[in-house]
Amino acid sequence: MLSCWEMSEMGSDIIDHKLSFNSRMAVMMHIGMCRHCRRYIKQLSLTSEVLKSLPLPAQPQDIARVLAALEKEERN
Amino acid sequence: MIEESALIEDLRNQKPGAAEIAVSLHQGFLLMMVKPLVGEDLANDVIQNTWIKALAAINTFEGRSQFRTWLTRIALNEAKALLRKHHRETSLESWGEDIGSPIANRFKESGAWQTLPHTWHHDTPDSFLTEAELQECITKHLHRLPLAQRGVIMLRELGGLGFAEIADELAMSEGNIRVLLHRARQTMHSMLNHFEEEGTC
């Protein structure tokens, strides 16, 4: 029987579907009985989703620098 | 927000303003992604070259991946080229080390939860990301991650590269990449959890 600690260590392998058949069975058994781990794994997955959609606004000067370089390139 | 396929079309037709939109959308990510690999000093040059190459080759973008993933691959090539030119290597020696679980103190010795996970108020990415304060907090904590974890989480979650490709690019094992990604996700989860519980960054 997996412990909650082990479940937390396997969290990303669970959400990325990187488990062997046997591990997957063990994880499913634990998840079925433990709402705390169910919640943690769900939140870890949501964390990953949040990062995937995170807009990272650029600084205006970083945008301006690139546009100036592109313009110079075009002139050459 | 402009559709990606429409933006690509505009870039191909060199429509005025299209390059500016593309740069605005991805420049923040590209800089943050490449800094752990080449350092602060070379990052701007790498990304500048990336845009020049990308826009010159925009007709070869087939849309089989996200535009951002395609840019990421070009940036990684440019990073390697510039490091070679400066006779430098990415210092990845310490990257494979696992510094351990950031939530070890949430468990009893028996392996059961000591501090139970609580329900979150937000349950979709959009509900998190509509809060400007939270967006800033996430970005701040991404910057605080150990270099190796930041490098991997940027390539995987934001860049959209696969595990095998990241392992290949960084010359590390896929297992190491997965551990680094897991630790980074756990730390970012703890940050979101803190925000959920305390309402502050």
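All of these numbers come straight from a predicted model, not from anything done at the bench. (Residues numbered from 1 in each chain as written. Chains lettered and ligands numbered in written order. Predicted model: local features only at pLDDT ≥ 70, side-chain atom pairs only at ≥ 80, totals over all residues.)

Student: Please clarify how the overall build of chain A should be interpreted in this entry.
Tutor: Regarding its fold elements, chain A presents five helices and zero strands. Going residue by residue from the N terminus, the α and β elements of chain A occur as α-α-α-α-α. In terms of overall dimensions, chain A has C-alpha extents of about 65 × 25 × 15 Å along its principal axes. The burial tally for chain A puts 29% of its 76 residues in the buried class. (Helix = DSSP H or I, 4+ residues; strand = E, 2+ residues; numbered from the N terminus. Buried ≥ 20, exposed ≤ 12 C-beta atoms within 10 Å, placed from the backbone.)

Student: Please explain the interface of chain A and chain B as it appears in this structure.
Tutor: The extent of an interface is frequently quoted as the accessible surface area lost upon association of the parts. Of the residues lining the interface, 34 residues belong to chain A; the matching set on chain B comes to 39 residues. Looking at the side of chain A that touches chain B, the elements with two or more residues in it are helix H1 (4-9), helix H2 (11-15), helix H4 (35-52) and helix H5 (60-75) of chain A. Take the side of chain A that touches chain B: its biggest share by element is 11 residues, from H4 of chain A. Along the lines of polarity and charge, the residues of the side of chain A that touches chain B split into 15 nonpolar, nine polar and 10 charged. (Contact = placed C-beta atoms within 7 Å. Nonpolar A, V, L, I, M, F, W, Y, C, P; charged D, E, K, R; others polar.)

Student: What am I meant to see in the domain arrangement of chain B here?
Tutor: Residue and element names in this part refer to chain B. We note that the domain assignment places domain 1 (4-85) and domain 2 (94-198) within chain B. A C-alpha centroid distance of 25 Å is found between domain 1 and domain 2. Taken together, the contact pairs 11 residues of domain 1 with 10 residues of domain 2. Top contributing element to the side of domain 1 that touches domain 2 by residue count: helix H2 (residues 18-38), with five residues. Among the residues forming the side of domain 1 that touches domain 2, the class breakdown is six nonpolar, four polar and one charged. (Domains from an automatic or database assignment.)

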